[in-house]
Amino acid sequence: MFINAILSSALYVGVLLLISEIKRMSEFEPRKRQKLQESLHEGSRTEDAEKTQKAAPEASSELWRKRQIRSSRTTLEDWLLKKPAVTRSCPPLPPDPDPDPDPEQDPIPAPRTAAAFDGEQSPVTSGINSAIRARHTATRRITHFFSSSAPRGGRAAAAGADGKALGAGVPLSDLRRAPACSGPLPALKPTDRHTVLIRTDLMLTGEAPEPHPSPDQLQDRWDHTHVKLPCSTHNLFPTDRTTVQSRWDLIHKALSVPLRSSHDVQDAILKYNTGQAKRWDFSALHSYCKASEAQQMFGELFPAMAQLALRAPRLLTQPIPLLRTQCCRSLTLSQEQVSCLLANAFFCTFPRGNSHRTEFSNYPDINFSRLFEGSSRSKQEKLKTLLWYFRRITQQRPTGLITYTRQCLQRLPSWSSSEKQFGKLHISCEGTIEDQGYGTLQVDFANRFVGGGVTGSGLVQEEIRFLINPELIAARLFTEALEDNECLIVTGAERFSRYSGYSDSFRWDGDHDDQTPRDEWQRRCTEIVAIDALHYTRFLEQFQPENMSRELNKAFCGFVRTGVQTENLSAVSTGNWGCGAFGGDKRLKAVLQMMAAAEAERDLMYFTFGDADLVKDVLHIHKMITDTHTTVGSVFRLLLQYYECVCKKTTRSKPQETLYSFLSEHL
């Protein structure tokens, strides 16, 4: 009996304790769930992450660095839950090969409730799991967000809450950007090598600049050193075998009538291009204009574009010099003047644009006639992107300036004897040059005829950049084909569109509100450099010394700014330059661009466009070079050695020993 009494008492106490514990847990679990929900929004680490860190205090510094980079995403990722996806994203990095668990990759465990034990989820747990799934989806969509939000003041967030980027190497905050790093500009005025087409004494912030000289003092030249403008009095059109008339009068008459359909646009263009009636095809324009969204163009947009083109005599009041080969020269125009040039290009009014004579054979075409050809979806997307630009600038006059500079170097570095040290590197498989590269020198992977196939069928890196920044297209009017020691620099081109996809999958994805600040000359602080890579048909060709030297000189020409202090030079944003249809090797091009940037005393921001393996390989080589303080000259000599010892002796299309394994062995 005594024993039974003791057992009964113990059982009673046990039940009381169990009831107390259950009550305590029922009060604790809501607090725990609330805390977890709050942590999702605040970007704090979970309890599992803390346990992982405590269990591995001796983890390598490399693993710790990776976790720090990933943890910097947290706040931004949670913020992304509220943002829509709007543009293309690059493929995510592959899973970390490290055996240690990563709290930022593994799903956050939901609190275990009574319902969970029964195979069901409570409403709170279900909501949290939904948020977790959305959070990881947001990681994959992160570059979607950058394109739409960064220009509206979200650029600091684009690099992560603590200034770190979603890549490797130094944090983005360690790289210089304009205008913060820029030095003061000299007063804007015309010189022998700089033509300024606006009144600099009448420039007012927020107002469209006045052309120089005034329209009543219009200057006209018709020669081989200046643009042959459609409004020139020398632009004549034969009416028969013996008489001619002003072609501008024909243009003015044709574009002044109502344009009620795409066929009216075609008829207007062919009235002053009668010789092209059987050659030009307007199928793409007709196909696009059949869409319901295009109907309003005939009531508003096309007439406004026609009137903009016809303002040429009042906006383009002095001759525009051609940027000719082996001649350093700059042109500064207003955005409004550039829009007038582009409106004339759309309506195919430029006389030399139809000519294949020797005089113009070394210049890109400017008239949009080839853009109207065919019925491909990509042509219609191009038209949609460019017509959005025209809609914007006809609804509100642009007020900024743009400078086009042809840079030609006569003295090039002696690469084998260079003592320059490599600079900082940030490299990522996510992001784009135009988004994350704001405030840096942005590389256009150019054709020697700048713009490549933008007015034709081309639709890769250069063409896409020219479509979303259409003011770049104007450079085709006056820029002769680039030589090996030349580049084209465009400062101030505004971005008007977002996009998704690439090549055949390219799609216009809406308006882009460019909030890039302006400099003292009222130019957007966007500097784009066009450098053209060599085209290789055989892989081993690019390792020949003369070809490596050529690519180094071309990149250096694009990166160097003679007379500018190092602290005033922004970083360079680039990527797989010349590695698509041109057949370049990504790893060689990365080393060459790092060398050119070092020689020009600039840091590098490198985008691999989804290639995670390239991120690791380039970062590894850069770390070996900088850790051993290897100079640019020493690396160049190793490249020559690789060609002599490996490439020349191989009997295959590609050498068995890779460039990076060779460098790793000899650094």
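Residues numbered from 1 in each chain as written. Predicted model: local features only at pLDDT ≥ 70, side-chain atom pairs only at ≥ 80, totals over all residues. Heavy atoms only, no water.

**Q** What exactly am I supposed to notice about the overall build of the protein chain here?
**A** Looking only at helices and strands, the protein chain has 23 helices and 14 strands in total. Burial analysis of the protein chain (667 residues in total) assigns 54% to the buried set. Residue pairs in contact within the protein chain that sit at least 24 positions apart in sequence constitute 78% of those at least 6 positions apart. (Helix = DSSP H or I, 4+ residues; strand = E, 2+ residues; numbered from the N terminus. Buried < 20%, exposed > 50% of the residue type's maximum accessible area, 1.4 Å probe, protein only. Contact = heavy atoms within 4.5 Å.)

**Q** Explain the packing of aromatic side chains to me, please; I cannot follow it from the model alone.
**A** Here a ring pair, both rings aromatic, is described through the centre-centre distance and the interplanar angle of the planes. The full count for this structure, using the stated rule, is 16 aromatic pairs. With centroids separated by 6.0 Å and ring planes inclined at 70°, the aromatic side chains of Phe346 and Phe390 adopt a geometry described as edge-to-face. A residue pair is termed long-range when its members are at least 10 positions apart, and Phe346 in helix α14 (residues 335-346) and Phe390 in helix α15 (residues 377-395) qualify at 44 residues. Arranged with centres 5.2 Å apart and planes meeting at 75°, the rings of Tyr404 and Phe478 form a pair that is edge-to-face. With Tyr404 in strand β6 (residues 401-408) and Phe478 in helix α18 (residues 475-478), this residue pair connects regions lying 74 residues apart in the sequence. Each member of the pair, Tyr404 as well as Phe478, is classed as buried. Three or more aromatic residues link up through ring pairs in this structure, and these residues are Phe282, Phe302, Phe346, Phe347, Phe368, Phe372, Tyr389, Phe390 and Phe496. (Phe/Tyr/Trp six-rings, centres within 6.5 Å; stacked < 30°, edge-to-face > 60°.)

**Q** I tried to follow the pattern of salt bridges on my own but got confused; where do I start?
**A** If the charged atoms of two oppositely charged side chains come close together, the side chains can form a pair. Under the criterion given, the structure shown has 26 salt bridges. We note a salt bridge from Glu486 to Arg406, for which the minimum N-O separation is 2.8 Å. Taken together, the residues Glu486 in strand β9 (residues 486-491) and Arg406 in strand β6 connect sequence positions 80 residues apart. The class of Glu486 is buried, set by a relative accessible area of 0%. Each of the salt bridges in this network shares a partner with another, and the network as a whole consists of Asp484, Asp532, Arg550, Glu551, Lys554 and Lys589. (Salt bridge = Lys/Arg side-chain N within 4 Å of Asp/Glu carboxyl O.)

**Q** I would appreciate a short explanation of the pairing of β9 in the present structure.
**A** Regular strands have side chains that alternate between both faces of the sheet. Of all the six residues making up β9, six are buried; the element is thus mostly covered by neighbouring parts of the structure. Where burial is concerned, the two faces of β9 agree: the one with Glu486, Leu488 and Val490 and the one with Cys487, Ile489 and Thr491 are both buried. In this sheet, strand β12 (residues 527-532) lies alongside β9 in antiparallel orientation, the contact comprising four bridges. Within the sheet, the bridge partner assigned to Val490 lies in β12 and is Ile528. (Pairing = 2+ DSSP bridges.)

**Q** Hey, could you run me through the sheet that holds β9 in this one?
**A** Adjacent strands of a sheet form backbone hydrogen bonds with each other and so pair up, either parallel or antiparallel. Spatial ordering of the open sheet is given by β1-β7-β14-β13-β8-β12-β9-β6-β5-β2, a layout of 10 strands whose pairing is mixed. At either end of the open sheet lies a strand with only one pairing partner, and these are β1 (168-169) and β2 (194-196). Taken together, the two bridges between strand β8 (residues 441-446) and strand β13 (residues 572-575) define a ladder with parallel strand orientation. Residue pairing across strands places Gln442 opposite Ser573, the latter belonging to β13. Contacts between helix α17 (residues 461-468) and the sheet are confined to β8 and β12, with β8 contributing the most and set at about 125° to the helix. Across the sheet, helix α21 (residues 612-627) lies against β1 and β7 (425-428), angled at about 165° from β7, the strand it touches most. (Axes fitted to C-alpha atoms, helices over the stretch in contact; angles between N-to-C directions.)

**Q** Is there a simple way to think about the nonpolar core in this case?
**A** For soluble globular proteins, the rule of thumb is that nonpolar side chains tend to be buried together. Residues Phe302, Ile320, Phe346, Phe347, Phe390, Tyr404 and Phe478 are the most contacted members of the largest nonpolar core, which totals 85 residues. Membership of the second largest hydrophobic core comes to 65 residues, among which are Ile427, Ala555, Trp577 and Leu588. (Core = buried A, V, L, I, M, F, W, Y, C linked by side-chain atoms within 4.5 Å.)

**Q** Honestly, the pairing of β12 in this entry has me stumped. Any pointers?
**A** Counting buried positions along β12 yields six of six residues, so the element is predominantly enclosed. Side-chain alternation along β12 places Glu527, Val529 and Ile531 on one buried face and Ile528, Ala530 and Asp532 on a second face that is also buried. Here β8 runs beside β12; their pairing, made up of six bridges, is parallel. Each bridged residue has a counterpart across the sheet, and for Ala446 the counterpart in β12 is Asp532.

**Q** Any chance you could explain the side chain of Thr332 here in plain terms?
**A** Note that Thr332 resides in strand β5 (residues 329-334). There is a polar contact of 2.6 Å between the side chain of Thr332 and the side chain of His194. (Polar contact = N/O pair within 3.5 Å; in protein donor to acceptor, adjacent residues only side chain to side chain.)

**Q** Honestly, the packing of helix α12 (residues 301-310) against α14 in this entry has me stumped. Any pointers?
**A** Two quantities define a packed helix pair, namely the angle between the helix axes and the distance between the axes. In contact at an axis separation of 8 Å, α12 and α14 are set at 115° when each is read in the N-to-C sense. As far as their axial angle goes, α14 and α12 are roughly perpendicular. Where α12 crosses over α14, the handedness of that crossing is left-handed. Across from Phe302, Met305, Leu308 and Ala309 in α12, the residues of α14 making contact are Ser339, Cys340, Ala343, Asn344 and Phe346. (Parallel < 35°, antiparallel > 145°, perpendicular 65-115°, else oblique. Left-handed = near helix turned anticlockwise from the far one by under 90°.)

**Q** Honestly, the confidence of the model for the protein chain in this entry has me stumped. Any pointers?
**A** A low pLDDT score tells you not to read the predicted coordinates there in detail. Across the protein chain, pLDDT averages 81, with 73% of residues at or above 70. Taken as a whole, residues 25-165 scores under 50 in pLDDT and shows 187 contacts with residues more than four places along the chain or in a different chain. (pLDDT = per-residue confidence, 0-100.)

**Q** Looking at this model, I keep getting lost on the environment of Gln266. Mind explaining?
**A** Relative to the assigned elements, Gln266 resides in helix α10 (residues 262-271). In this structure the C-alpha to C-alpha distance between Gln266 and Asp281, which are 15 residues apart in sequence, comes to 9.1 Å. When sequence neighbours within four positions are dropped, the list of residues in contact with Gln266 reads Phe282 and His286.

**Q** Sorry if this is basic, but what is going on with the state of the cysteines here?
**A** Cysteine pairs can be linked by a disulfide, which is a covalent bond between their two sulfur atoms. One pass over the structure, following the stated rule, counts zero disulfides. With no disulfide partner, Cys181 has as its closest neighbouring cysteine sulfur the one in Cys525, 9.5 Å distant. Cys181 sits in the buried class, given a relative accessible area of 9%. Cysteine Cys340 remains unbridged, with the sulfur of Cys231 as its closest cysteine sulfur at 7.5 Å. (Disulfide = S-S within 2.5 Å.)

**Q** I would appreciate a short explanation of helix α20 (residues 586-599) in the present structure.
**A** In this model α20 runs 20 Å from its N-terminal to its C-terminal C-alpha over 14 residues, within 8% of the 20 Å that 1.5 Å per residue would give. Within α20, 12 of the 14 residues are buried, which leaves it mostly tucked inside the rest of the structure. Restricting attention to buried positions, one finds in α20 the residues Leu588, Lys589, Ala590, Val591, Leu592, Gln593, Met594, Met595, Ala596, Ala597, Ala598 and Glu599. Trailing α20 by a residue or two, Glu601 shows a phi angle of about 60°, which is positive. (Expected span 1.5 Å × (residues − 1).)

**Q** Just to check I follow, could you spell out α15 for this structure?
**A** Here α15 spans 27 Å end to end across 19 residues, near enough to the 27 Å set by a 1.5 Å rise per residue. With 14 of 19 residues buried, α15 lies mostly within the body of the structure.

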